[in-house]
Amino acid sequence: MSSGAIGPRIPLHDGTSIPQLGLGVYKVPAAQTVDLVDGALRLGYRHVDTAALYRNEREVGEGLRRSGLPRDEVLVTSKVWNDAHGLDETRRAFDDTMRELGLDVLDLYLIHWPAPRQNRFVDAWRAMIALRDEGRVRSIGVSNFEPHHVQRLIDETGVVPVVNQVELHPHLPQRAVRAFDAEHGIVTESWSPLARGRMLEPGSRDASVLAAIAQKHGRTPAQIVLRWHVQQGLVVIPKSTSLARVEENAALFDFALDADDLAAIDELETGERTGKHPDDLD
Ligand SMILES: NC(=O)c1ccc[n+]([C@@H]2O[C@H](COP(=O)([O-])OP(=O)(O)OC[C@H]3O[C@@H](n4cnc5c(N)ncnc54)[C@H](OP(=O)(O)O)[C@@H]3O)[C@@H](O)[C@H]2O)c1
């Protein structure tokens, strides 16, 4: 690992590992993405989370090259969109992603959503297994998979995803998904770890609980929420278009929440999602 990397790496069951902190770039406009990715990598981020859907893969690749970091020090994730499930379709989508990123090998490729009514995610998974076996992608995983979706992949292919990236934050702690993932050696990644910023909105119950804990530790509310994730072994990929916030969101590894703090944050659970339930999106 290079000096200057922020946070630990978490082992994956295929023998690789993933930096616990990553930069999410959903809704980062392409015009800002090169500077943001380059800036985050200079701050010590070593993991960037993009997707074909985000239309900024080209700029992620450019930011990575501009940082000058050795390729093997940065983990890049991309994802196949729902319109490209299938043995041939997923391969073609992967080729497009690699052309955009300008990379030879991808670190982590995910099925973005199971899109269960299409019922083609097992074929997408078979294509990803082949890409991995050919050495074009190091690790393969899923996103937004409920336990029954992952179980189908395991039953039909015998290959267990290394990660499952799901919506996860104090409103929606995803206990069942995490328990299933842990049982199968799958690392859970939290998308929208700040509930898209909703947990930080002034005047809310969340804001007052978080402000009190933040004051106690001399931290910001965002850092308190992100620390809640990392302290439970989750991978976090917060997004901000502001480099100052990107820096703020990385200062998570030099303090700890105590049992009372964790319990107070757990009480913010509402079950509310910012996105769709995985069985409802195709
Ligand atoms: N797999 C999936 O289906 C899926 C779905 C959604 C997201 N994701 C991934 O997860 C990443 C993160 O999720 P997200 O972007 O939806 O939401 P998020 O990281 O929970 O929240 C981002 C929002 O919080 C604000 N914010 C960030 N840091 C802040 C801070 N320190 N203080 C105050 N406000 C702050 C941002 O505003 P500014 O930008 O203005 O700072 C933005 O509005 C995405 O970028 C993407 O990579 C994956």
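In this report, the structure presented in the accompanying data block is examined. (Residues numbered from 1 in each chain as written. Predicted model: local features only at pLDDT ≥ 70, side-chain atom pairs only at ≥ 80, totals over all residues. Heavy atoms only, no water.)

Looking at the site of the ligand
Near the ligand there are 28 residues, and of these Asp49, Ser192, Leu194, Ser240 and Arg245 occur at the shortest range. Here an oxygen atom of the ligand and a side-chain polar atom of Arg245 are 2.7 Å apart. The contact in question runs from a nitrogen atom of the ligand to an N or O atom on the side chain of Glu248, over 3.1 Å. Residue composition of the shell around the ligand, grouped by class: 12 nonpolar, 10 polar and 6 charged. (Near = heavy atom within 4 Å. Polar contact = N/O pair within 3.5 Å; in protein donor to acceptor, adjacent residues only side chain to side chain. Nonpolar A, V, L, I, M, F, W, Y, C, P; charged D, E, K, R; others polar.)

A short note on the environment of Ile140
For Ile140, the location among the structural elements is in strand β7 (residues 137-143). Residue Ile140 is classed as buried on the basis of its relative accessible area of 2%. Along the backbone, Ile140 and Ile111 are 29 residues apart, and their C-alpha atoms lie at a distance of 8.5 Å. Apart from the residues within four sequence positions on either side, Ile140 is in contact with Leu108, Tyr109, Trp125, Met128, Ile129, Arg132, Val159, Pro161 and Val162. (Helix = DSSP H or I, 4+ residues; strand = E, 2+ residues; numbered from the N terminus. Buried < 20%, exposed > 50% of the residue type's maximum accessible area, 1.4 Å probe, protein only. Contact = heavy atoms within 4.5 Å.)

Concerning the sheet that holds strand β4 (residues 47-49)
Overall, parallel pairing links the 8 strands, which are arranged β3-β4-β5-β6-β7-β8-β9-β10 in an open sheet. Strands at the two margins of the open sheet, each flanked by one partner only, are β3 (23-24) and β10 (235-236). In this sheet, strand β8 (residues 163-167) lies alongside β7 in parallel orientation, the contact comprising 2 bridges. Bridged to Ser143 within β8 is Gln165. The strands touched by helix α3 (residues 87-101) are β5 (75-80), β6 (106-111) and β7; relative to β6, the strand with the most contacts, the crossing angle is about 140°. (Pairing = 2+ DSSP bridges. Axes fitted to C-alpha atoms, helices over the stretch in contact; angles between N-to-C directions.)

With respect to helix α1 (residues 30-43)
Quick reminder: α-helices carry 3.6 residues per turn. Residues three or four places apart thus point the same way. If you check α1, its first and last C-alpha atoms are 20 Å apart, about what 14 residues at 1.5 Å a residue would give, namely 20 Å. Looking only at α1, the buried set comprises Thr33, Val34, Leu36, Val37, Asp38, Gly39, Ala40 and Leu41. Residues of α1 that are buried sit in contact with β3, β4, α2 (57-67) and α9 (243-248). Trailing α1 by a residue or two, Gly44 shows a phi angle of about 125°, which is positive. (Expected span 1.5 Å × (residues − 1).)

Side note on the nonpolar core
The biggest cluster of nonpolar side chains holds 67 residues, and the ones touching the most others in it are Tyr109 and Trp125. Here this core gets 7 residues from one element, more than from any other, and that element is helix α4 (residues 121-133). Ranked by size, the runner-up nonpolar core spans 10 residues in total, among them Ile10, Leu12, Ile18 and Val163. (Core = buried A, V, L, I, M, F, W, Y, C linked by side-chain atoms within 4.5 Å.)

Focus on a positive patch on the surface
Where like charges cluster on the molecular surface, the positive patch consists of Lys27, Arg196, Arg198, Lys239 and Arg245. Locating Lys27 in the fold gives a position in the loop between β3 and α1. (Patch = residues over 30% accessible without salt bridge, like charges linked within 9 Å, V, L, I, M, F, W, Y side chains within 5 Å. Areas by Shrake-Rupley, 256 points an atom, 1.4 Å probe, with all protein chains shown as cover. Salt bridge = Lys/Arg side-chain N within 4 Å of Asp/Glu carboxyl O. Lys, Arg positive; Asp, Glu negative; His and termini not counted. Charge placed at Lys NZ, Arg CZ, Asp CG, Glu CD.)

Some details on the side chain of Arg219
By secondary structure assignment, the location of Arg219 is in the loop between α7 (205-217) and α8 (221-231). A distance of 3.1 Å separates the side chain of Arg219 from the backbone oxygen of Ala251, its partner in a polar contact. A distance of 2.9 Å separates polar atoms of two side chains, one belonging to Arg219 and the other to Asp254. Those residues in contact with Arg219, other than ones at most four positions away along the chain, are Ala214, Ile224, Ala251, Asp254 and Phe255.

Brief notes about the pattern of salt bridges
Summed over all chains, the structure comprises 19 salt bridges. Its salt-bridge partner being Asp123, residue Arg126 comes within 3.3 Å of it at the nearest N-O pair. Separated by 3 residues within a single helix, Arg126 and Asp123 lie in helix α4, roughly one turn from each other. Asp123 gets classed as partly exposed once you look at its relative accessible area, which sits at 27%. Among the salt bridges present, the one from Arg175 reaches Glu269, with a minimum N-O distance of 2.8 Å. In this pair, Arg175 is assigned in helix α6 (residues 175-183) and Glu269 in the segment after α10 (259-266), connecting sequence segments 94 residues apart. Linked through salt bridges whose partners overlap, the residues forming this network are Arg71, Asp107 and Arg138.

Concerning the pairing of β8
The side chains of a regular strand alternate between the sheet's two faces. A large share of β8 lies buried, amounting to 5 of its 5 residues. Traced from β7 through helix α5 (residues 147-157) to β8, the parallel crossover comes out right-handed. With 5 bridges joining them, β8 and strand β9 (residues 187-191) adopt parallel strand pairing. When the sheet's bridge partners are listed, Val163 is paired in β9 with Val187. For the crossover from β8 across α6 to β9, the handedness is right-handed. (Right-handed = clockwise from strand over helix to strand, strands pointing away.)

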